[in-house]
Amino acid sequence: MGSLQAGKERRKEIAFCPDHEITVLGFAMFLPQQDEWKLGMGVGNGTVVTEFIIAGFSGLDQRLQLFLRLVLLLMYLTTVTGNAAIIFLVCVDNRLQTPMYFFIGNLAFLEIWFTSSTSTKLLVILSSGRRTISVGGCFAQSSFYFALGGAEFTLLVVMSFDRYVAICQPLRYAAIMKHRLCIHLVAAVWVMGFAFLSYHLVLLSKLTFCGLNKIEHFFCDNTPLFQLSCSDVTLLWKTESVFILFIVLSSLCLTLASYTSIFFCILQMPAASGRKKAFATCSSHLTTLAIVYGSCIALYSCPSGHVSLETNRIVALLNTVLYPFLNPFIYSLRNKAVMLALKEAMARATAQLFP
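Residues numbered from 1 in each chain as written. Predicted model: local features only at pLDDT ≥ 70, side-chain atom pairs only at ≥ 80, totals over all residues. Heavy atoms only, no water.

**Student:** Account for the overall build of the protein, naming residues and giving values.
**Tutor:** Of regular secondary structure, the protein possesses 12 helices and three strands. Looking at the 355 residues of the protein, the share that counts as buried comes to 41%. Expressed as a percentage of contacts within the protein between residues at least 6 apart in sequence, the contacts between residues at least 24 apart total 78%. For the protein, the accessible area works out to roughly 19400 Å², and carbon and sulfur atoms hold 69% of it. (Helix = DSSP H or I, 4+ residues; strand = E, 2+ residues; numbered from the N terminus. Buried < 20%, exposed > 50% of the residue type's maximum accessible area, 1.4 Å probe, protein only. Contact = heavy atoms within 4.5 Å. Areas by Shrake-Rupley, 256 points an atom, 1.4 Å probe, with all protein chains shown as cover.)

As structure tokens, then:
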């Protein structure tokens, strides 16, 4: 009865209101319904997030940001140009039509897309200050980053196996590393990459964002996304950490097993010059592997709440910028056959442009 009487009194009040007051009251009554509809897509009492703001390196001084932008741009262009040159040479030079260079060409292709998935947005942020990215774009960037990274770890295992066969069983190399096997191995690498992509998209679809939308990173990495989510991510984070560490550590163990066998084979070489050259090559390979594996283990082995985002950003630069930058020099451009093919290609191009 009390509620009925209150309703009657409220209708009387509305009946005696001026027209403009009725309009305001009607608009105010509509707003809670609209908010309720929006919150139906999210969780909690905040607004639904439709885009993120990537912090990048906003805490740095303007001069340092300018310096960082120039360095990153130079490294990115060098990475893309060097890897593109490797792909071109592997495709056109008959002397490079071997399993080793076939795998290196695929690695170069992977590196171009891997570094582009993060570096392009970072360069846009540093150049224009446009820090926003849609939720879909953020999920796509994160998924491609992890998918290409997982595919690269798998390819590194394949490449280490190829080097093991070439050094430890040279007489059987041609019989083992046939063209069909190489194609199957590379196909398996790409299939695993797409599997990682699908898995990561499904994982991200479980997250809900309904409040803060500032990502304290220079790309959409797992740690800041999990920290921004307003849903319970404890189980998801543990599942993701176990999965990533399994991929990283299993590929690391297989790669190290191949290089350990190579190491013992090198010790048995009769020529000192051959041992020295092989050790120099393997040490450079192991240096780059230490960078990429060490940075990934440091980034994804700790719970999201225990990771400093500032440290996360710095370490992430190692495997998103430095490692792709070093790869063309480590795996190809130090090789005499590649350099000879590059010089001949440049000579032919010069002769055609300036006859």
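Next comes the rest of the write-up.
**Student:** Go over the packing of aromatic side chains with me, naming the residues and quoting the values.
**Tutor:** On inspection of all chains with the given rule, the structure shows 16 aromatic pairs. Cluster of aromatic residues (ring-pair linked, three or more members): Phe57, Phe114, Tyr145, Phe146, Phe218 and Phe219. (Phe/Tyr/Trp six-rings, centres within 6.5 Å; stacked < 30°, edge-to-face > 60°.)

**Student:** Tell me what's going on with the side chain of serine 119, and back it up with residues and numbers.
**Tutor:** Residue position: serine 119 is located in helix 4 (residues 99–128). Residue contacts for serine 119: discarding those within four places in its chain leaves Tyr76, Thr320 and Val321.

**Student:** Go over the nonpolar core with me, naming the residues and quoting the values.
**Tutor:** Among the nonpolar cores identified, the biggest contains 67 residues, and Phe103, Phe153, Leu155, Tyr293 and Tyr331 are the most heavily contacted of them. By residue number, the principal contributor to this core is helix 5 (residues 135–168), which donates 12 residues. Contact partners of phenylalanine 103, with chain neighbours within four places excluded, come to Leu155, Val158, Met159, Asp162, Met177, Cys182, Leu185 and Val186. Of all hydrophobic cores here, the second largest spans 20 residues; its members include Ile54, Ile133, Phe226 and Leu236. (Core = buried A, V, L, I, M, F, W, Y, C linked by side-chain atoms within 4.5 Å.)

**Student:** Would you mind going over the pattern of salt bridges in detail, with residue names and values included?
**Tutor:** Any two side chains of opposite charge can pair, given that their charged atoms come close. Within this structure, the stated rule accounts for five salt bridges. It is possible to trace a salt-bridge network through shared partners that takes in Asp93, Arg95 and Glu344. (Salt bridge = Lys/Arg side-chain N within 4 Å of Asp/Glu carboxyl O.)

**Student:** Kindly report on the sheet that holds strand 2 (residues 132–134), identifying the contributing residues and their values.
**Tutor:** Taking strand neighbours across the sheet as the criterion, the three strands line up as 2-1-3 in an open arrangement whose pairing is mixed. The sheet is open, and its two edges are formed by strand 2 and strand 3 (214–215), each paired on a single side. Pairing between strand 1 (residues 51–54) and strand 3: two bridges, direction parallel. Bridge assignment links isoleucine 53 to a residue of strand 3, and that residue is lysine 214. Along the sheet face, helix 5 touches strand 1, strand 2 and strand 3 and points at about 85° away from the line of strand 2. (Pairing = 2+ DSSP bridges. Axes fitted to C-alpha atoms, helices over the stretch in contact; angles between N-to-C directions.)

Any link to function would need more than the numbers given here.
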